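# Examining the three-dimensional arrangement
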Amino acid sequence: MLISIVVPCYDEEEIIARFHEHVTRELGHIAADFELVYVDDGSRDRTLELLQERAAADPRVRYVSFSRNFGKEAAMLAGLRHAAGDAVVLMDADLQHPPRLVGRMLELHAEGWDQVVARRTRDGDRVTRTLLARGYYRVINRLVDVELVDGVGDFRLLSRRAVDAVLELTEYNRFSKGIFAWVGFPTTTFEYRNEGRDSGRSKWTLRKLFDYGLDGLLSFNDKPLRLALHLGLVLVGTASLYAAWIVGDALVNGVDTPGYVTLLVAVTALAGVQMVMLGVIGEYVGRIYYEVKRRPHFLVKAANTGAPRTRPSPGEFSRR
Ligand code: UDP
Ligand code: MG
């Protein structure tokens, strides 16, 4: 049985050597046949050269390098496409996903689980980030069609059929947390203690996290559109009642003094609401725009892997 470890790397020159050593040592103990699929996501540092050196020295190393930074989602997709394993483990390059847990994953996989998910605790995270995350998951799970779990990231093992299923989903906007949940198959979760990044730094800024959060919200449901509709209806209803009341009042008591405050508030509030609605619709239209263009998710600059196991989706031109 061949195990593939897929590792997206973006500017990871400081840690890639240590990561590689760690993983090969751990997997050596587990004594399975394995390959490492590194995806260089358009790094601006020496990551690619280091990967090429590794590949020259070790036949189990495969690498794919992008023409520019396409993001972690694209990198994971490329890794999954090029992985030949009967089981595939997705792992970050920064050693925040402890390689020793792969053994546990394989045990659980042997018991018949298609997806084995390592769920991290939030030890060591900043309190604000933890609270924000909690709140976010509470809100999002009420809205989206799939279930998302706090602390569950991309560190997981996928069986061959789960990988093939993930590769069937060729959408351009990839929110992998949702995609993995959507695919289903018997899934089990175990917990591990969160560890800080070994070196280098996280590429997540608050702004990026916020956008990612929005992606999650919008990728897996159309409820915001529904919500917009409901809110619009409620507002129209309230406005009609209010108008009726004002007209009635004027008929009975004569014309009142000018209610400019009411007017101002109503106008600004309505304008705000309309902006939000337009924004919501715009988000969906934007997504449709990207989907219909059917561009490839990434472009490959260099690789030592053969053609991807899975053919590109119709409309996607060859990336080689
Ligand atoms: N990564 C990537 N492309 C990007 C950003 C990140 O391939 O545009 C990789 C990065 O090299 C690392 C993993 O994704 O292996 C997780 O990134 P990071 O540690 O910055 O995220 P965090 O652990 O803070 O969520
Ligand atoms: Mg990290």
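Here we summarise the structure given alongside this text. (Residues numbered from 1 in each chain as written. Chains lettered and ligands numbered in written order. Predicted model: local features only at pLDDT ≥ 70, side-chain atom pairs only at ≥ 80, totals over all residues. Heavy atoms only, no water.)

## Digging into the sheet that holds strand 1 (residues 2-9)
Defined as follows: Here, strands pair whenever DSSP counts at least two bridges between them. For the purposes of this entry, the term helix denotes a DSSP run of H or I that reaches at least four residues, the term strand denotes a run of E that reaches at least two, and both are numbered from the N terminus. In this analysis, axes come from line fits to C-alpha atoms, helices being fitted only over the stretch in contact, and the angle between any two N-to-C directions falls in the range 0 to 180 degrees. Note on contacts: a residue pair is in contact if any heavy atoms of the two residues lie within 4.5 Å.
An order of 7-5-6-4-1-2-3-8 is seen for the eight strands of this open sheet, with the pairing classed as mixed. Edge positions in the sheet fall to strand 7 (187-192) and strand 8 (300-303), since each of these pairs with one other strand and no more. Taking each pair of neighbouring strands and ignoring which way they run, the sheet shows an average axis angle of 20°. By the bridge criterion, three bridges tie strand 3 (residues 61-66) to strand 8 in an arrangement that is antiparallel. What sits directly across from Phe66, in strand 8, is Val300. The sheet contacts of helix 1 (residues 16-30) involve strand 1, strand 2 (33-40) and strand 3, and relative to strand 2 the element is tilted by about 160°. Across the face of the sheet, helix 4 (residues 101-110) comes into contact with strand 1, strand 4 (87-90), strand 5 (115-120), strand 6 (152-159) and strand 7 while running at roughly 50° to strand 6.

## Here we look at helix 5 (residues 127-143)
Defined as follows: For a helix, the expected span equals 1.5 Å multiplied by the number of residues minus one. Relative accessibility under 20% of the residue-type maximum defines a buried residue, over 50% an exposed one, and the middle range a partly exposed one, all with a 1.4 Å probe and only protein chains included. Starting at the helix axis, one direction is taken to each C-beta atom, and the arc is that of these directions.
The terminal C-alpha atoms of helix 5, which comprises 17 residues, lie 25 Å apart, in line with the 24 Å expected from a rise of 1.5 Å per residue. For helix 5, the set of buried residues is Thr130, Ala133, Tyr137 and Ile140. Projected down its long axis, helix 5 carries its buried residues within an arc of 105°, all on one side. For helix 5, the exposed residues set more than 90 degrees away from the buried face come down to Val127, Thr128, Leu131, Leu132, Arg138, Val139 and Arg142. Those residues of helix 5 hidden inside the fold are in contact with helix 7 (176-183) and helix 8 (206-219).

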